[in-house]
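Listed below are the residues making up each chain.
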Amino acid sequence: MWINIDKKSDRPLMRQLYDQIKHLILDGRLAPTEKLPSTRQLAADLGISRSTILNAYNQLIAEGYLQGNHGSGTVVASGIDVFSIPPEISVKKRQATVAAKNQPATAVIDFQSGVIDSSQFPLSEWKKAYQRSLDQVPEAAFRYHPSAGVLSLRQTIADYLRRTRGLACDPDQIMIVSGSTQGLALISALFHDQQQAVLIEDPTHPGLRKIIERSKLNLIGIAVDDQGLVTDLLAPQPAPAFIYTTPSHQYPLGGILPIQRRQKLIQYAIANDAYLLEDDYDSEFRFEGQPVSSLYELSPDRVIYLGTFSKILTPAIRLGYLILPKPLIAPYLELKKYSDVHTEALTQYALAEFIDSGGLEKHIWKMKKIYAKKRQHLIDELSRCYPDKFEIKGHAAGLHMVVHFNGIVFDAPQINRINSRQVRVYPINNYVFGNKTPYCSDILLGYAHLTFAEITTGITRLCTALRQPES
Ligand SMILES: Cc1ncc(COP(=O)(O)O)c(C=O)c1O
């Protein structure tokens, strides 16, 4: 296997190995069922640690490129078409410090989804970055800006994505928006006149669904399983304007869309002249390996990529971005211009400075460890309170998890019983708009914002309510 590792590069060794094996598979140079060298052999050949090789293999297994067979080693998975993806580009340097603060506990323990641990916001580093950026900005920073956003932030985001996601795009394609919420609203408005269908994962985020509905587009739900969108259910008609998907971490169920389904999705989009809207809302927080690769890198002409700083930093700054295929840029800019001219600019300069100084990556690194511990604590508490009667759905990632409780139905009386114990949980059926039956026993538990003690109290209260006889 021809692998070339550059130990002097500031690109992590694991990422270099992962990318090269992926390219070998997608280019057809590694064929289906072909056996990969053992981790021991490859470690010796490349002069790097076995754990680096193992991490790269595990990442590729999670994304469907490889299959790990006990005893017989690791082989290339079947069903992957030969495909060509854009090459990698280099990175910028980083360094920074972070500050922390505590937050009081609340009486009601609310396992709400997607709320960050704001007690860990790197306030002093952010203040310094904001101050530095204000000291450096040109006078023109206090005037109106282009609708696409502040150029330095767009360049910084392009570098950040290359470095952390292996995603190559031109800063001219990056459009700064006020959170992914606005990004989705503008994309929906862009297709509004065409009165076309939009395909959306089911279950999905109800707020995002509402945004598309408000544009009077005809929404069609496509079922999801433990591997994300079920691409076999994509029907040829009616041809949609776009397909909304969360391939790195399906929201809310947590599946990773494997490469075989990604390719089917892209083929479907090409055949129907549709766009794919990739909502990459929390892919940085993957606890079992590296962030999953984007759908965008497989088909930059077909994919509209939606990114946000809400989960990795704070939703309060309301900053997100779109990466647009070139034909959409002009109509998008017109829409944005007549919507709000541009997203607030001074915070954009500050965010660029914060990312360039390494503050964001350091914060993500720190939060990844904290969220992984909270997730494990939640699982430990469930095992303590409700042994053998629950299953975790989805991959170990993000700020929430979905739990299936054997034999429990989360109907209105059950939820009332739980609420009366001063705890809030969220039935998955709140996120489903088609067939609700498969999800009756599933709830969503957001854990990121809760302390360890709150998680313990919340799970104890939940399990007490579940054991309470129905009155
Ligand atoms: C799947 C998903 N996409 C997008 C968003 C919205 O993020 P933003 O704050 O950037 O509007 C959320 C928020 O919770 C989300 O869960």
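Considering unusual backbone geometry
Only a minority of non-glycine residues have a phi that is not negative, and only a minority of peptide bonds are not trans.
Part 1 of the argument: Omega for the peptide link from D202 to P203 comes to 10 degrees, which places this bond in the cis form.
Part 2 of the argument: Inspection of the secondary structure puts P203 in the loop between β5 (197–202) and α7 (206–214).
Part 3 of the argument: Y251 connects to P252 through a cis peptide bond whose omega is 10 degrees.
Part 4 of the argument: The topology assignment puts P252 in the loop between β8 (240–245) and α8 (259–271).

Section: the site of the ligand
Part 1 of the argument: Inspection of the region around the ligand gives 13 residues, with S180, T181, D279, T308 and S310 positioned closest.
Part 2 of the argument: Between the ligand and the protein, one listed contact pairs a nitrogen atom with a side-chain N or O atom of D279 at 2.6 Å.
Part 3 of the argument: Contact distances for the ligand include 2.6 Å between an oxygen atom and a side-chain N or O atom of S310.
Part 4 of the argument: Here the ligand, which alone exposes 400 Å², has 90% of that area covered by the protein.
Part 5 of the argument: The element contributing the most residues to the shell around the ligand is helix α6 (residues 179–190), with three residues.
Part 6 of the argument: For the shell around the ligand, the residue count by class is four nonpolar, six polar and three charged.

Topic: the domain arrangement of the protein
Part 1 of the argument: Here the protein is described as being made up of domain 1 (13–76), domain 2 (109–121 + 361–467) and domain 3 (124–357).
Part 2 of the argument: Taken together, the contact between domain 2 and domain 3 spans 30 residues of the former and 35 residues of the latter.
Part 3 of the argument: With both chains or domains summed, domain 2 and domain 3 bury close to 2800 Å², and 65% of this area falls on carbon and sulfur atoms.
Part 4 of the argument: Counting across the interface, domain 2 meets domain 3 through one salt bridge.

Quick notes on the confidence of the model for the protein
Low pLDDT means the predicted atomic positions in that stretch should not be read closely.
Part 1 of the argument: Here the protein shows a mean pLDDT of 91. Residues at 70 or above account for 95%.
Part 2 of the argument: Segment residues 87–106: pLDDT under 50, and 57 contacts once partners within four positions in sequence are set aside and those in other chains are kept.

Section: the sheet that holds β8
Part 1 of the argument: Taken together, eight strands build an open sheet; the order of strands is β4-β11-β10-β9-β8-β5-β6-β7 and the sheet is mixed. Strand pairing shows two members of the sheet lacking a second neighbour, β4 (174–177) and β7 (228–229), which therefore form its edges.
Part 2 of the argument: Where strand β6 (residues 218–225) meets β7, two bridges bridge the pair, whose relative direction is antiparallel. Note on β7: the bridge partner recorded for D225 is G228.
Part 3 of the argument: Contacting β5, β6, β7, β8 and β9 (275–280), α8 crosses the sheet at an angle of about 165 degrees to β8.

With respect to the sheet that holds strand β16 (residues 442–446)
Part 1 of the argument: Taken together, the four strands give an open sheet; going across it, the order is β12-β13-β16-β15, and neighbouring strands pair in antiparallel fashion. Here the strands that pair on one side only, and so sit at the sheet edges, are β12 (390–393) and β15 (426–427).
Part 2 of the argument: Here β12 pairs with strand β13 (residues 400–405) via four bridges, running antiparallel. Opposite I392, over in β13, you have V403 as the bridge partner.
Part 3 of the argument: Sitting on the sheet, helix α11 (residues 359–385) touches β12, β13 and β16, and the angle it makes with β12 is about 160 degrees.

Some remarks on helix α1 (residues 13–26)
Part 1 of the argument: For α1, which comprises 14 residues, the first-to-last C-alpha distance of 20 Å matches the rise-based estimate of 20 Å (1.5 Å per residue) to within 8%.
Part 2 of the argument: The element α1 is largely enclosed, with a buried count of 12 among its 14 residues.
Part 3 of the argument: Among the residues making up α1, those that are buried are M14, R15, Q16, L17, Y18, D19, I21, K22, H23, L24, I25 and L26.
Part 4 of the argument: In the core, the buried residues of α1 are packed alongside α2 (39–46), α3 (50–62), β1 (66–69), β2 (73–76), α5 (151–165) and α8.

Remarks on the packing of α5 against helix α10 (residues 346–356)
Part 1 of the argument: Between α5 and α10, the least distance of the axes is 9 Å, while the angle of their chain directions is 35 degrees. Of the two elements, α5 crosses α10, and the hand of that crossing is left-handed. Seen from α5, the contacting residues are S152, L153, T156, Y160 and R163; seen from α10, they are Q348, Y349, L351, A352, I355 and D356.
Part 2 of the argument: Tallied by class, residues from the contact of α5 with α10 come to six nonpolar, three polar and two charged.

Some remarks on the pattern of salt bridges
Part 1 of the argument: Applying the stated rule across the entire model yields 16 salt bridges.
Part 2 of the argument: The shortest N-O distance in the salt bridge between D273 and R302 comes to 3.3 Å. Remark: R302 occurs in the loop between β9 and β10 (303–308) and D273 occurs in the loop between α8 and β9; sequence separation between them is 29 residues.
Part 3 of the argument: A residue is classified by how much of its surface remains accessible, and R302, at 17% relative accessible area, is buried.
Part 4 of the argument: Of the charged contacts in the structure, one is a salt bridge between K393 and D442, with a shortest N-O distance of 2.5 Å. You can see K393 sitting in strand β12 and its partner D442 sitting in strand β16, a full 49 residues away along the chain.

Section: the packing of α2 against α3
Part 1 of the argument: Interaxial distance between α2 and α3 falls to 8 Å at its minimum, and their mutual angle equals 120 degrees. Considering the angle they form, α2 stands oblique to α3. Pair α2 / α3 crosses with right-handed handedness. Within the contact between the two elements, α2 uses T39, R40, L42, A43 and L46 and α3 uses R50, I53, L54 and Y57.
Part 2 of the argument: Its residues assigned to classes, the contact of α2 with α3 shows six nonpolar, one polar and two charged.

The rules behind each value
- Residues numbered from 1 in each chain as written.
- Predicted model: local features only at pLDDT ≥ 70, side-chain atom pairs only at ≥ 80, totals over all residues.
- Heavy atoms only, no water.
- Helix = DSSP H or I, 4+ residues; strand = E, 2+ residues; numbered from the N terminus.
- Near = heavy atom within 4 Å.
- Polar contact = N/O pair within 3.5 Å; in protein donor to acceptor, adjacent residues only side chain to side chain.
- Areas by Shrake-Rupley, 256 points an atom, 1.4 Å probe, with all protein chains shown as cover.
- Nonpolar A, V, L, I, M, F, W, Y, C, P; charged D, E, K, R; others polar.
- Domains from an automatic or database assignment.
- Contact = heavy atoms within 4.5 Å.
- Buried area = accessible area lost by both parts, 1.4 Å probe.
- Salt bridge = Lys/Arg side-chain N within 4 Å of Asp/Glu carboxyl O.
- pLDDT = per-residue confidence, 0-100.
- Pairing = 2+ DSSP bridges.
- Axes fitted to C-alpha atoms, helices over the stretch in contact; angles between N-to-C directions.
- Expected span 1.5 Å × (residues − 1).
- Buried < 20%, exposed > 50% of the residue type's maximum accessible area, 1.4 Å probe, protein only.
- Left-handed = near helix turned anticlockwise from the far one by under 90°.
- Parallel < 35°, antiparallel > 145°, perpendicular 65-115°, else oblique.

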